[in-house]
Amino acid sequence: MPAPQIPDSPYSLGTIRRAESSPTGLVFNIMRCAIHDGPGIRTTVFFKGCPLTCLWCHNPEHRLDLPAILWDAGRCIGCGTCVASCPTGACRRKEGEIGIDPSCCRRCGRCAEVCPTEALERLSRRIEIEELLAILERDRPFFEEGGGGVTFSGGEPFAQPAFLLAALDACGARGFHRAVDTSGYTEPALLAAAAGMTELFLFDLKLIDPARHRRAVGVDNRLILRNLVSLAEKQVDLIVRIPLIPGVNDGADDLAAAGAFIARLPRRPPVDLLPYHRAADGKYRSLKLPVPLPNTEAPCPEAVEEAARRLSAYGLEVRIGG
Ligand code: SF4
Ligand code: SF4
Ligand code: SF4
């Protein structure tokens, strides 16, 4: 089959976040013993920041406009320890409430560490490569047992390209299996650099139609499709992940377009179909953000099976979940 044809993108690369000078990363979670982000038992590093705004996003903590610290009024006993321990004065008490001034918060996490009632929860923190490596060394026995490793996810790991590349390089030097879970919305040169230091890409494919893609995730998809073609040409393991979102990309035409596109890639990767679920609703509520797609329910098992069948019809190896 001929390679997929992708029209030229009018999209300007200038809007993608540029490489930072600092080799530290801003992360919102490091999940140990993860089993859905690549082979074996893994440690998944969730990067803050993402240039997309998917209607169904399950990780709202990636947003950069959130404070570093979340305050739970129900747990607070008003002791003021957090305010006294803050090195910058960012943690303040006003009218009985604890607030964080993001303009001078260093995200050091000290206020949350000293809180006696866990009323403060850390939503993000800076991490250095050495600290990351120390965590991974602790998890090495799990990796060795099940063929696992480290997965860089998010948010979007390419939103912090300098840290991502430095972390991939350092993890490779220690012999850790490396996976990158990406939306694919990044500069091709960065993707190529990462591909030389990565064993596996988990590449999200949401919609083939550019206009509807833009409406659903906020950006044009032509750069993403181009990057997927280019990764399929490289010697790196690749799994395409399709989130199955009712009313967004679960129509027969959308599945046919996705199936045909993947089948015409230079190399035919396996596909993970990820059914929509509402497990993130609680996170949105605790972050005081509007719950997305309030009227959308998770697809029933029959609908998921049917979607998998439609994709398999293009000769693809399709797995539900992943
Ligand atoms: S994270 Fe650090 S700088 Fe920010 S409010 Fe807490 S103690 Fe202050
Ligand atoms: S340290 Fe915790 S309990 Fe004490 S005032 Fe701060 S948030 Fe409330
Ligand atoms: S690409 Fe992922 S992290 Fe970014 S908005 Fe979409 S679902 Fe959320």
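What you see as residue numbers is a count from 1 along each chain, following the sequence as written. To label them, take the chains in the order written and letter them from A, then take the ligands in the order written and number them from 1. With the structure being a predicted model, the display of local features is reserved for residues of pLDDT at least 70 and the display and counting of side-chain atom pairs for 80 or more, all residues being used for whole-chain, interface and lining totals. Computation of side-chain values: all heavy atoms of the structure, hydrogens and water removed.

## Details of the overall build of the chain
What counts, and what does not: Working definition: helices are DSSP H or I runs of at least four residues, strands are E runs of at least two. Numbering for both runs from the N terminus. Here the globule rule reads 2.2 Å times residues to the power 0.38, and the radius of gyration is calculated from C-alpha atoms. In this description, contact between two residues means that some pair of their heavy atoms is separated by no more than 4.5 Å. For the purpose of charge, His is not counted, nor are the chain termini; Lys and Arg are scored as positive and Asp and Glu as negative. In plain terms, the charge of a residue is placed at NZ if it is Lys, CZ if Arg, CG if Asp and CD if Glu.
For the chain, the helix and strand inventory stands at 10 helices and 13 strands. In terms of overall dimensions, the chain is globule-like: its C-alpha atoms have a radius of gyration of 21 Å, near the 20 Å expected for 322 residues. Seen along its three principal axes, the alpha-carbon backbone of the chain occupies a region of about 65 × 45 × 40 Å. Considering only intrachain contacts with a sequence separation of at least 6, the fraction spanning at least 24 residues in the chain is 70%. Both charge centroids of the chain, one from 38 positive and one from 39 negative side chains, sit 4 Å from each other.

## Overview of the site of ligand 3
As a reminder of what qualifies: We call a residue near a molecule or strand as soon as one heavy atom of that residue lies within 4 Å of the molecule or strand. Here the term charged refers only to Asp, Glu, Lys and Arg, the term nonpolar to Ala, Val, Leu, Ile, Met, Phe, Trp, Tyr, Cys and Pro, and the term polar to all other amino acids, Gly among them.
Close to ligand 3 lie C50, L52, C54, C57, H62, G155, S183 and K206, which account for all nearby residues. Taken together, the residues that form the shell around ligand 3 break down as four nonpolar, three polar and one charged.

## Quick word on the packing of helix α4 (residues 161–173) against helix α5 (residues 188–195)
Worth spelling out the cut-off: Lines fitted to the C-alpha atoms define the axes, with helices restricted to the stretch that makes contact. Angles between their N-to-C directions range from 0 to 180 degrees. Note on terminology: angles under 35 degrees are roughly parallel, angles over 145 are roughly antiparallel, angles of 65 to 115 are roughly perpendicular, and the others are oblique. By convention the crossing between two helices is left-handed if the near helix lies anticlockwise of the far one by an angle smaller than a right angle, and right-handed if it lies clockwise.
Taken N-terminus to C-terminus, the directions of α4 and α5 make an angle of 15°; their axes are 10 Å apart at the nearest point. Taken together, the axis directions place α4 and α5 in an arrangement best described as roughly parallel. Considering how the two elements wind past one another, α4 and α5 form a crossing that is left-handed. Residues P161, L165 and L168 of α4 touch α5, and the partners they reach there are L190, A193 and A194. Along the lines of polarity and charge, the residues of the contact of α4 with α5 split into six nonpolar, no polar and no charged.

## A word on the nonpolar core
Our working definition: Residue types Ala, Val, Leu, Ile, Met, Phe, Trp, Tyr and Cys, when buried and joined through side-chain atoms within 4.5 Å, form a set referred to as a nonpolar core. Throughout this description, buried means an accessible area under 20% of the type-specific maximum (1.4 Å probe, protein chains only), exposed means over 50%, and partly exposed covers the range between.
One finds W56, F152, F201 and I242 to be the most contacted residues of the largest nonpolar core, which totals 67 residues. No other element matches helix α7 (residues 222–232), which puts seven residues into this core. Those residues in contact with I242, other than ones at most four positions away along the chain, are L205, N249, A258, I262, V271, D272, L273, L274 and L311. Counting 12 residues, the second-largest nonpolar core is a separate cluster that includes A68, I69, C115 and L120.

## A look at the pattern of salt bridges
Counted only if it meets this: Whenever Lys or Arg places a side-chain nitrogen within 4 Å of a carboxyl oxygen from Asp or Glu, that contact is recorded as a salt bridge.
Applying the stated criterion across every chain yields a total of 19 salt bridges. The partner of R92 in a salt bridge is D101, and the shortest N-O contact between them spans 3.2 Å. Of the charged contacts, one joins E113 and R122 as a salt bridge, the two residues approaching to 3.9 Å between their closest N and O atoms. We classify R122 as partly exposed; its relative accessible area is 28%.

## A short note on α5
In plain terms, the rule: Relevant arc is that of directions from the helix axis to the C-beta atoms, nothing else.
Those residues of α5 that fall on the buried side of the exposure criterion are L190, L191, A194 and A195. Taken down its axis, α5 places every buried residue within 135° of arc, on the same side. Among the structural elements, α4, β10 (200–204) and α7 are those in contact with the buried residues of α5.

## Digging into the packing of aromatic side chains
What counts here: Classification of ring pairs uses Phe, Tyr and Trp, with its six-membered ring standing for Trp, and accepts pairs whose centres are within 6.5 Å; under 30 degrees between planes counts as stacked, over 60 as edge-to-face, and the remaining range as tilted.
Counting across every chain of the model gives four aromatic pairs. Centroid distance F47 to F152: 6.0 Å. Interplanar angle 90°. Geometry classified as edge-to-face. One end of the pair, F47, is in strand β2 (residues 42–47); the other, F152, is in strand β8 (residues 149–154), and 105 residues separate them in sequence. Residue classification places F47 among the buried residues on the basis of a relative accessible area of 0%. Ring centres 5.6 Å apart and planes at 45° place the aromatic pair F47 and F163 in the tilted group. Of the two residues, F47 sits in strand β2 while F163 sits in helix α4, which places them 116 residues apart along the sequence. Cluster of aromatic residues (ring-pair linked, three or more members): F47, F152 and F163.

## Quick notes on α7
For α7, the tally of buried residues reaches nine of 11 residues, placing the bulk of the element in the interior. For α7, the complete set of buried residues consists of R222, L223, I224, L225, N227, L228, V229, L231 and A232. Those residues of α7 hidden inside the fold are in contact with α5, β10, α6 (210–217), β11 (237–244) and α8 (252–263).

## Re the site of ligand 2
Within the structure, ligand 2 sits among 13 residues, and C76, C79, G80, C82 and C115 are positioned closest to it. Residue classes in the shell around ligand 2 are distributed as nine nonpolar, four polar and no charged.

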